[in-house]
Amino acid sequence: MKRLHPCLALLLSATALCGLIACQTTKQSPIDDLSTQEGLQRADVKGVDAVYRRPGANLTPYNKLLVRPVYVEFSKNWKPEQNSELYRMNEPDREKIRQELAQLFAEVMVKELQTEGGYQLVTEPAADVLEVRPAIVNLYITAPDVSMQTAGRVRTFTADSGEMTLIAELRDSVTGTLLARAFDRREDNGMMWQWTNSVTNSADARRIITSWADTLRNALDAARGKQT
């Protein structure tokens, strides 16, 4: 598994120590202290738990995006093998989920930012390239798909797929200057019981990731005076 950028690793540790329920109820987030220390100021962005921006930072010069591969980390409380006799989750299974979620994240970024948004995704830094460093942390899957592990046909019904949190940084791809940082926790709030499997879990994850991509696209559009 690829290593996490040191700055995001620190934020991940802060997320684990903070306690997500407390953070949500007090409107605080694990990125508050570090972002303030680095000179960022909090900004209100609709639909996102916490966003910090560098004063005077301007996204207008950037018309291309370098989206780094997303780092994926499970919640420390996610132990499906202890919660149900149906699940026999081992490290290869976990790594498969990480890889599939990372692939889904990349696919959604291409679709929403490049195909739909018109922003070219590149692989090398340049003066007009904005670097995006994403991490999905506290990933908790209510009912992972175990159909391939069981001899009989097993169906698990749940009212939600789980939750995950995005921590993302926007940086100048050449200088590495931190321009903005975001923290957003999303929970699937399904109101109806459904058969939970890899298809439904992926669909819920895609919906959440699409929302994050749209938020980034809207910010870039707004910097150019485009209608969002």
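Cut-off values and rules
Residues numbered from 1 in each chain as written. Predicted model: local features only at pLDDT ≥ 70, side-chain atom pairs only at ≥ 80, totals over all residues. Heavy atoms only, no water. Salt bridge = Lys/Arg side-chain N within 4 Å of Asp/Glu carboxyl O. Helix = DSSP H or I, 4+ residues; strand = E, 2+ residues; numbered from the N terminus. Buried < 20%, exposed > 50% of the residue type's maximum accessible area, 1.4 Å probe, protein only. Core = buried A, V, L, I, M, F, W, Y, C linked by side-chain atoms within 4.5 Å. Contact = heavy atoms within 4.5 Å. pLDDT = per-residue confidence, 0-100.

J.: How do you make sense of the pattern of salt bridges when you look at a structure like this?
T.: When the charged atoms of two side chains with opposite charge come close together, those side chains can pair. Under the defined criterion, the tally for this structure stands at 18 salt bridges. Ionic pairing is found between Arg181 and Glu169, a salt bridge with its closest N-O pair at 2.9 Å. One end of the pair, Arg181, is in strand S9 (residues 178-187); the other, Glu169, is in strand S8 (residues 162-172), and 12 residues separate them in sequence. Judged on exposure class, the residue Arg181 and its partner Glu169 are both buried.

J.: Can you help me understand the nonpolar core in this one?
T.: Most often, soluble globular proteins keep nonpolar side chains buried together rather than apart. Among the nonpolar cores identified, the biggest contains 34 residues, and Leu101, Leu130, Ile136, Leu139, Met164 and Ile209 are the most heavily contacted of them. Of all the secondary structure elements, the ones that give two or more residues to this core are strand S4 (71-74), helix H5 (91-115), strand S6 (129-141), S8, S9 and helix H6 (198-223). Counting residues per element, this core draws most heavily on H5, at eight residues. With residues near it in sequence (within four places) discarded, Met164 still touches Leu101, Ile136, Val137, Asn138, Leu139, Asp184, Arg185, Arg186, Ala205, Ile208, Ile209 and Trp212. In terms of nonpolar packing, the next biggest core, distinct from the first, is built from 10 residues, Tyr52, Val137, Ile167 and Phe183 among them.

J.: When you look at the confidence of the model for the protein chain in this model, what are you seeing that I'm missing?
T.: The predicted coordinates of low-pLDDT regions are not to be read in fine detail. When pLDDT is averaged along the protein chain, the result is 79, and 68% of the positions lie at 70 or above. With pLDDT under 50 throughout, residues 12-26 is counted as low confidence; its partners more than four residues away or in other chains account for 23 contacts. Note that pLDDT drops below 50 for residues 191-197; the model gives that stretch 24 contacts with residues more than four away or on any other chain.

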